[in-house]
Structures are given as C-alpha cells and as structure tokens.
Amino acid sequence: MVLKLRIAGKTQEEIARMLGTSRENISIIEKRAWRKVRLAEETLKYVKELLSVAKVTIPPGTHLVQVPGMLIAAADKASVKLKGNFTRIYDEIRFKAEGSIKGTHVIKPVTVVIYRDGTFEVVSEDSQRSIREKVRNTIHVGNSH
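Report on the accompanying structure. (Residues numbered from 1 in each chain as written. Predicted model: local features only at pLDDT ≥ 70, side-chain atom pairs only at ≥ 80, totals over all residues. Heavy atoms only, no water.)

Overview of the overall build of the protein chain
Next up, step 1: Scanning the protein chain for helices and strands turns up six helices and five strands.
Next up, step 2: The buried share among the 145 residues of the protein chain stands at 33%. (Helix = DSSP H or I, 4+ residues; strand = E, 2+ residues; numbered from the N terminus. Buried < 20%, exposed > 50% of the residue type's maximum accessible area, 1.4 Å probe, protein only.)

Brief notes about the environment of H105
Next up, step 1: Tracing the backbone shows H105 in strand 3 (residues 105-106).
Next up, step 2: Accessibility expressed as a relative area gives 33% for H105, which makes it partly exposed.
Next up, step 3: Measuring from C-alpha to C-alpha, the distance between H105 and L64 comes to 5.7 Å, with 41 residues separating the pair along the chain.
Next up, step 4: Leave out the neighbours within four places in its chain, and H105 touches G61, T62, H63, L64 and S100. (Contact = heavy atoms within 4.5 Å.)

Points about the packing of aromatic side chains
Next up, step 1: One pass over the structure, following the stated rule, counts one aromatic pair.
Next up, step 2: Between F86 and Y90, the aromatic rings sit 5.9 Å apart at their centres with planes inclined by 25°, giving stacked as the arrangement. One end of the pair, F86, and the other, Y90, are both in helix 5 (residues 86-96), four residues apart, so they sit about a helical turn from each other.
Next up, step 3: The exposure class assigned to F86 is partly exposed, which follows from its relative accessible area of 40%.
Next up, step 4: What makes Y90 buried here is its relative accessible area of 16%. (Phe/Tyr/Trp six-rings, centres within 6.5 Å; stacked < 30°, edge-to-face > 60°.)

What about the pairing of strand 4 (residues 110-115)?
Next up, step 1: With six of its six residues buried, strand 4 lies for the most part within the structure.
Next up, step 2: The side-chain alternation of strand 4 yields two buried faces, one formed by V110, V112 and I114 and the other by T111, V113 and Y115.
Next up, step 3: Bridge analysis of strand 1 (residues 52-58) against strand 4 gives six bridges, and the strand direction is antiparallel. The residue of strand 4 that forms the bridge with S52 is Y115.
Next up, step 4: As paired elements, strand 4 and strand 5 (residues 120-122) share three bridges and run antiparallel to each other. (Pairing = 2+ DSSP bridges.)

Brief notes about the sheet that holds strand 4
Next up, step 1: Sheet architecture is open: three strands sit in the order 1-4-5, paired in antiparallel fashion. Each edge of the open sheet carries a strand with a single partner, namely strand 1 and strand 5. For this sheet, the mean inter-axis angle between neighbouring strands, taken without regard to orientation, is 20°.
Next up, step 2: Packed onto the sheet, helix 5 meets strand 1, strand 4 and strand 5 and runs at close to 30° relative to strand 5. (Axes fitted to C-alpha atoms, helices over the stretch in contact; angles between N-to-C directions.)

As structure tokens, this is what we get:
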C-alpha cells in the first residue's frame, strides 16, 4: 500500500499521517518493499531461465532485418515453433530494446529468451532498467517528506 501511495504522488509524511504512524516508519516500510520487489524480480528471472529453451544474444552492428531469422533458427534448433511472424519479432526488438537500437541497427547487445511454448521475450538490461526507472521517477527523490 505504501508503494502504491508513493507512486500516486503522496509524500512519506502524507502517508504517515493517513496511517497514523511516523514518516520514519513509512521510510522503513518503503525501503523494505523495494527490496522485496528486487527479490521478486530476481526470482522471476530465475524461473524464466528454467523455462527457456534458447537464449539469443544479438550483437552490436546487427541489422534488425536479420534478427527474426536468428530467432527462428534458434527456435528451430530447440525444436520449438516460434510464436510470431517477421513483423512482430522486428517490432518487439525495436520497441522493447529501444535503448539498444539506433535506426535499424543494434548498438548494444540485446538478449532474447525463447520459451518452450514458443513465446519469446526481450530481456535487454535497458528494457529492465527502464521499467524500474519509470516507477522510481514517478516517486521523486525530493518527495520523501
């Protein structure tokens, strides 16, 4: 609840008043909640790796047009039918790894995980970091009191 209120723009002081406790208590609760979020992310990452059948790292310099073929080849090698056509794969890479793409080329390595059911996921560090940053930026550092 504290994280939800913080994301909604409430200060720690406001939340403390709402819940009848101290700002210091809210600060501790928030810090613990963020730690639990990080642990949950690590657990999910581990489970997803267990379910994966292939991991493809797309190196810098690769033209985006080459990526669908790379993923289809990796899926075929793992005897998995990839769920997605050229356009879906291309767009998924372009949008989910936008910090690793410039124009139509990969500029930083992008990792794509292929799962047993044929689904795939872009797991570039940039895509994970951007999700965390969006949430963190919603809670302004100066908004703690």
